[in-house]
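Chain residues, written in single-letter form:
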Amino acid sequence: MTPATGTAAPRSAWLLGPALVAGVAYLDPGNVATNMSAGARFGYLLVWVVVLGNAMAWLIQYLSAKLGVVTDRSLAETIGARIRSPWARRAYWAQAELVAMATDVAEVIGGAVALWLLFDVPLLAGGLITGAVSMALLAIQSRRGARPFETVIIGLMAIIAVGFTVGVFVGPPDGPSVLAGLVPRFEGADSVLLAASILGATVMPHAIYAHSALARDRFARDDLGGTPRPARIRRLLRATRWDVTIALAIAGTVNLAILLLGAANLPGVPGTDSLEGAHAALADSLGPAIATLFAVGLLASGLASTSVGAYAGSEIMQGLLHVRIPLLARRGITLVPALGILAIGYDPTTALILSQVVLSFGIPFALVPLVVITAQRRTLGGHRNRWWTTGLGALFSAFLIALNGVLLWLTFTP
């Protein structure tokens with residue numbers, strides 16, 4: 001093996017990471033609640049929705065990362081530079097900020113519920129603990145840089161994967177039924193609502209904003225040993241495709257495992273539309289050990305996803321308003337809504353559902369600009385989207401926007 005060959009693999013592996021961090025957004029408590037409920041209520045019916053959502057997420061996250069790699073700018077920065085009116089920029093920031101805060105509500109509540117399930121910690125105290133740990137994780141990002149932060153988040157992702165998939169091996173699904181679930185179909189309005197919820201919890205605006213910033217932060221100052229810029233970008237884009245593929249393979253597998261866990265072991269069991277109900281049902285069906293692993297996975301999910309969400313919110317503010325508040329101070333401010341909900345005793349499951357509804361409003365404002373900007377030669381030059389990539393991006397965007405519209409209509413229609 002030549003010295004060059006001997007160093008190629010470590011360097012290539014070193015380029016992986018941003019997508020794995022962004023991919024945590026696909027494993028947040030909102031995903032857990034919707035996938036578990038879908039499996040328990042409709043069995044294997046909506047397997048195809050999880051697979052489709054993961055396929056769409058691959059393209060969307062790759063486009064976001066490509067923007068950061070090629071331009072050294074995030075999506076929020078690019079949009080902010082193109083909106084001339086200060087008032088229009090503020091309005092755009094307000095909707096993006098609302099989406100980021102709604103995401104944080106779901107994630108902090110998920111962490112608080114997990115601490116209650118594991119240690120009987122009161123929900124408000126659990127929310128404070130979740131917020132404190134997320135601030136510690138963000139301090140790593142602020143003081144040590146992108147790579148150590150990635151390492152911690154990837155470690156939490158590994159815990160999430162174990163916590164949510166072990167139960168599938170203890171209570172395995174029926175193979176032919178899983179294959180039958182790949183055929184697209186619905187069974188009534190409730191299944192449409194759950195399908196829209198699954199997709200709404202899968203492709204989330206803050207993950208799109210975050211991924212472009214994560215790619216920028218990781219690679220903006222890295223010259224790959226003096227490699228010329230065109231070759232450097234080509235290499236980074238190749239690594240990014242692998243990064244996104246690995247991240248979404250993990251996230252998609254875990255999300256599918258959660259749905260299959262509910263379908264195989266909790267069919268028709270009442271109460272599985274809440275995290276605490278799903279935990280109790282798993283304890284009754286598969287034993288306390290599996291239920292405990294589920295709660296541990298939920299805790300890791302809340303801690304990791306809320307840290308990435310806070311990072312995304314900080315980037316949104318900097319890119320659109322050109323205002324940078326210290327990340328830890330901003331983390332403290334955005335904790336207030338989630339802690340307020342927990343303090344007044346509002347139902348955690350209802351808060352999770354409403355947070356997903358708020359996310360639905362933000363989808364068009366992140367997806368449409370992403371597809372348009374990455375298709376432009378003036379922005380990405382020779383790395384702009386090919387016509388079929390733009391076509392798929394537009395199709396996926398229209399489909400997700402339409403489904404989120406259905407979600408809103410079904411949620412607010414008696």
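Residues numbered from 1 in each chain as written. Predicted model: local features only at pLDDT ≥ 70, side-chain atom pairs only at ≥ 80, totals over all residues. Heavy atoms only, no water.

Re the overall build of the chain
Per the secondary structure count, the chain includes 18 helices and 0 strands. Relative to the 2.2 N^0.38 estimate, which gives 22 Å for 414 residues, the radius of gyration of the chain is 20 Å and therefore close to what a compact globule would have. For the chain, the spread of C-alpha atoms along the three principal axes comes to 60 × 50 × 40 Å. Classification of the 414 residues of the chain by burial places 57% in the buried group. Long-range pairs, those at least 24 residues apart, make up 85% of the contacts in the chain between residues at least 6 apart in sequence. (Helix = DSSP H or I, 4+ residues; strand = E, 2+ residues; numbered from the N terminus. Rg over C-alpha atoms; globule rule 2.2 N^0.38 Å. Buried < 20%, exposed > 50% of the residue type's maximum accessible area, 1.4 Å probe, protein only. Contact = heavy atoms within 4.5 Å.)

Here's the deal with a positive patch on the surface
The grouping of R234, R238, R241 and R386 at the surface amounts to a positive patch. Tracing the sequence through the fold places R386 in the loop between α17 (377-380) and α18 (387-412). (Patch = residues over 30% accessible without salt bridge, like charges linked within 9 Å, V, L, I, M, F, W, Y side chains within 5 Å. Areas by Shrake-Rupley, 256 points an atom, 1.4 Å probe, with all protein chains shown as cover. Salt bridge = Lys/Arg side-chain N within 4 Å of Asp/Glu carboxyl O. Lys, Arg positive; Asp, Glu negative; His and termini not counted. Charge placed at Lys NZ, Arg CZ, Asp CG, Glu CD.)

Section: unusual backbone geometry
Phi is positive for D72, which is not a glycine, with a value near 60 degrees. Among the structural elements, D72 can be located in the loop between α4 (47-71) and α5 (75-82). With relative accessibility at 26%, the residue D72 sits in the partly exposed group. Here D120, not a glycine, exhibits a phi torsion of approximately 60 degrees, which is positive.

A few points about a nonpolar patch on the surface
Side chains of W387, W388, L392 and L395 sit close together on the surface and give an oily, nonpolar patch of about 510 Å² of accessible area. What makes W388 partly exposed here is its relative accessible area of 43%.

Observations concerning the environment of P270
Checked against the element boundaries, P270 lands in the loop between α12 (229-265) and α13 (275-286). Taking C-alpha positions, P270 is 8.6 Å from R41, a pair spaced 229 residues apart along the chain.

Regarding the layout of surface pockets
Each pocket or cavity is described by its volume, and for the largest pocket that value is around 430 Å³. Along its surface, the largest pocket is lined by 17 residues, and Y62, K66, R241, R386 and T389 are the ones closest to its centre. Counting only elements with at least two residues in the lining of the largest pocket, the list comes to α4, α12 and α18. When its residues are assigned to classes, the lining of the largest pocket shows 7 nonpolar, 4 polar and 6 charged. (1 Å grid on protein atoms, 1.4 Å probe; cavity = no way out; pocket = protein on both sides within 12 Å on 5 of 7 lines; lining within 4 Å. Points joined across faces, edges and corners; volume = space filled by probe spheres on them. Nonpolar A, V, L, I, M, F, W, Y, C, P; charged D, E, K, R; others polar.)

Points about the side chain of S134
Assignment of secondary structure puts S134 in helix α7 (residues 123-144). Excluding anything up to four places from it in sequence, S134 contacts L303, T306, S307 and R331.

Focus: helix α16 (residues 348-374)
Here α16 is 27 residues long and its end C-alpha atoms lie 38 Å apart, about the 39 Å a rise of 1.5 Å per residue gives. Of all bends in α16, the biggest is about 40 degrees, found at G362, and the proline P364 comes one to four residues later. (Expected span 1.5 Å × (residues − 1). Bend = angle between axes of the 7 residues up to and from the residue.)

Let's talk about the packing of aromatic side chains
The relation between two aromatic rings is expressed through the spacing of the ring centres and the mutual angle of the planes. Under the counting rule described, the total for this entry stands at 4 aromatic pairs. Its guanidinium or amino end placed over the ring of W87, R90 lies 4.7 Å from that ring's centre, counting from NZ or CZ. (Phe/Tyr/Trp six-rings, centres within 6.5 Å; stacked < 30°, edge-to-face > 60°. Lys NZ or Arg CZ within 6 Å of the ring centre and 35° of its normal.)

Quick word on the side chain of E150
Structurally, E150 is set in helix α8 (residues 146-170). With sequence-adjacent residues up to four places away left out, E150 is seen in contact with L16, G17, P18, V21 and R218.

A closer look at the nonpolar core
In terms of nonpolar packing, the biggest core is built from 130 residues, with L46, I153 and Y209 touching the most fellow members. Beyond its immediate stretch of four places on either side in the chain, I153 contacts V21, V24, L137, A304, S307 and V308. (Core = buried A, V, L, I, M, F, W, Y, C linked by side-chain atoms within 4.5 Å.)

Quick notes on the confidence of the model for the chain
The predicted model of the chain averages 86 in pLDDT, with 94% of residues at 70 or higher. Under a pLDDT of 50 for its full length, residues 1-10 has, in the predicted model, 2 contacts with residues more than four places off or in other chains. (pLDDT = per-residue confidence, 0-100.)

With respect to the environment of R232
With respect to the helices and strands, R232 occurs in helix α12. Separated by 160 residues in the primary sequence, R232 and D72 place their C-alpha atoms 13 Å from one another.

A closer look at the packing of helix α14 (residues 288-321) against helix α15 (residues 327-343)
A pair of packed helices can be characterised by two numbers: the angle between their axes and the separation between those axes. Look at α14 against α15: their axes get within 10 Å of each other, and the N-to-C directions meet at 110 degrees. Comparing their axes, α15 and α14 come out roughly perpendicular. Contacts between α14 and α15 involve T306, A310, Y311, G313, S314 and M317 on the former and, on the latter, L327, R330 and R331. When the residues that make up the contact of α14 with α15 are grouped by side-chain class, the tally is 4 nonpolar, 3 polar and 2 charged. (Axes fitted to C-alpha atoms, helices over the stretch in contact; angles between N-to-C directions. Parallel < 35°, antiparallel > 145°, perpendicular 65-115°, else oblique.)

What to know about the pattern of salt bridges
Going through the model one piece at a time under the given rule, you end up with 5 salt bridges. Linking E150 and R218 is a salt bridge whose minimum nitrogen-to-oxygen distance equals 2.2 Å. Of this pair, E150 sits in helix α8 while R218 sits in helix α11 (residues 205-219), placing them 68 residues apart in sequence. In this pair, the class of E150 matches that of R218, namely buried.

Looking at α4
Compared with an ideal rise of 1.5 Å per residue, which puts 25 residues at 36 Å, α4 spans 37 Å between its outermost C-alpha atoms and is within 8% of the ideal. Burial of α4 is extensive: 21 of the 25 residues sit out of reach of the surface. Trailing α4 by a residue or two, D72 shows a phi angle of about 60 degrees, which is positive.

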